[in-house]
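# Observations on chain architecture
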Amino acid sequence: AQRVTQPEKLLSVFKGAPVELKCNYSYSGSPELFWYVQYSRQRLQLLLRHISRESIKGFTADLNKGETSFHLKKPFAQEEDSAMYYCALRESSGDKLTFGTGTRLAVRP
Amino acid sequence: SQTIHQWPATLVQPVGSPLSLECTVEGTSNPNLYWYRQAAGRGLQLLFYSVGIGQISSEVPQNLSASRPQDRQFILSSKKLLLSDSGFYLCAWSAAGHSPLHFGNGTRLTVT
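Here is a short report on the structure shown in this document. (Residues numbered from 1 in each chain as written. Chains lettered and ligands numbered in written order. Predicted model: local features only at pLDDT ≥ 70, side-chain atom pairs only at ≥ 80, totals over all residues. Heavy atoms only, no water.)

### What about the interface of chain A and chain B?
Of the residues lining the interface, 19 residues belong to chain A; the matching set on chain B comes to 23 residues. Roughly 1700 Å² is buried in total at the junction of chain A and chain B, and carbon and sulfur atoms are behind 49% of that figure. When residues of chain A are sorted by the area they lose upon contact with chain B, Arg43, Asp95 and Lys96 of chain A head the list and together hold 33% of the total. Our count for the contact surface shared by chain A and chain B stands at 1 salt bridge. As a salt-bridge pair, Glu59 of chain B and Lys96 of chain A come within 2.7 Å of each other at their nearest N and O atoms. Here chain A is connected to chain B by 8 residue pairs in polar contact (both at pLDDT 80 or more). Of all the secondary structure elements, the ones that give two or more residues to the side of chain A that touches chain B are β5 (32-38), β6 (45-49), β9 (83-90) and β10 (97-99) of chain A. (Contact = heavy atoms within 4.5 Å. Buried area = accessible area lost by both parts, 1.4 Å probe. Salt bridge = Lys/Arg side-chain N within 4 Å of Asp/Glu carboxyl O. Polar contact = N/O pair within 3.5 Å; in protein donor to acceptor, adjacent residues only side chain to side chain. Helix = DSSP H or I, 4+ residues; strand = E, 2+ residues; numbered from the N terminus.)

### Here we look at the environment of Tyr39 of chain A
Residues and elements named next belong to chain A. With respect to the helices and strands, the residue Tyr39 is situated in the loop between β5 and β6. Distance in space between the C-alpha atoms of Tyr39 and Thr5 is 21 Å, their sequence separation being 34 residues. Not counting the four nearest positions on each side in its chain, Tyr39 is found in contact with Gln45, Lys57, Glu80, Ser82, Ala83 and Tyr85. Of note is the side chain of Tyr39, whose polar atom sits 3.1 Å from the side chain of Lys57.

### Comments concerning the pairing of strand β3 (residues 19-26) of chain B
Residue and element names in this part refer to chain B. As defined by bridge partners, strand β1 (residues 3-7) adjoins β3 across 5 bridges and the pair is classed as antiparallel. Each bridged residue has a counterpart across the sheet, and for Ile4 the counterpart in β3 is Val25. Judged from the 6 bridges that link them, β3 and strand β8 (residues 73-78) form a sheet pairing that is antiparallel. Bridged to Leu19 within β8 is Ser78. (Pairing = 2+ DSSP bridges.)

### A word on the sheet that holds strand β8 (residues 72-74) of chain A
Residues and elements named next belong to chain A. The sheet built from 3 strands is open, its strands ordered β3-β8-β7 with antiparallel pairing. Taken across any chain shown, the strands that pair with only one partner, and hence form the sheet edges, are β3 (19-21) and β7 (60-61). Strand direction decides the pairing type here: β3 and β8, joined by 3 bridges, are antiparallel. Bridge pairing in β8 links Glu20 to Lys73.

Just distances and angles here, no functional claims.
Right, here's the structure in full:
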């Protein structure tokens, strides 16, 4: 069965520092990977997906099939980036998303 | 545009009482519908999903059930709540095919 691992429960950085939120997955096929974000008092929302290969709010994520990773990166963190981040995987033939346990990012001034 | 409504926002129920959480989607047809439970340290656990009316897939054995009586309505139910059913429940929808999920605001359920 597919599995998504986010090893860090909490990541705390200073404003302006680089950020990397780790995500590793286990799946034998060709997965589709997503990052979702939940800001305080807001609903969970899509941040980006690997097939789009775009940068959203300065964040990027590259699918590395060799390392089975989809780490989320931003070169300079902002205080408004503080939120809960979830990595998710969809099987190539499936309709459901499997989520990781989430990483809380805290950006300090 | 598409919108998803989930209610109630919060609910406090005694052990042994029934449960009914409702989710509706507007602005789209034949969506895939999902119920997740979000727990601290455990992430989002998929409970049920549906790709059409009357089609329900259960992901984990539990005290809950789901139904889809109409195309854009998804209901999460229980006949008798347990303390362990307390949690934050999220409904979501996606277009058929490889589309991202769109989440509702969630329901905070406390079983006392």
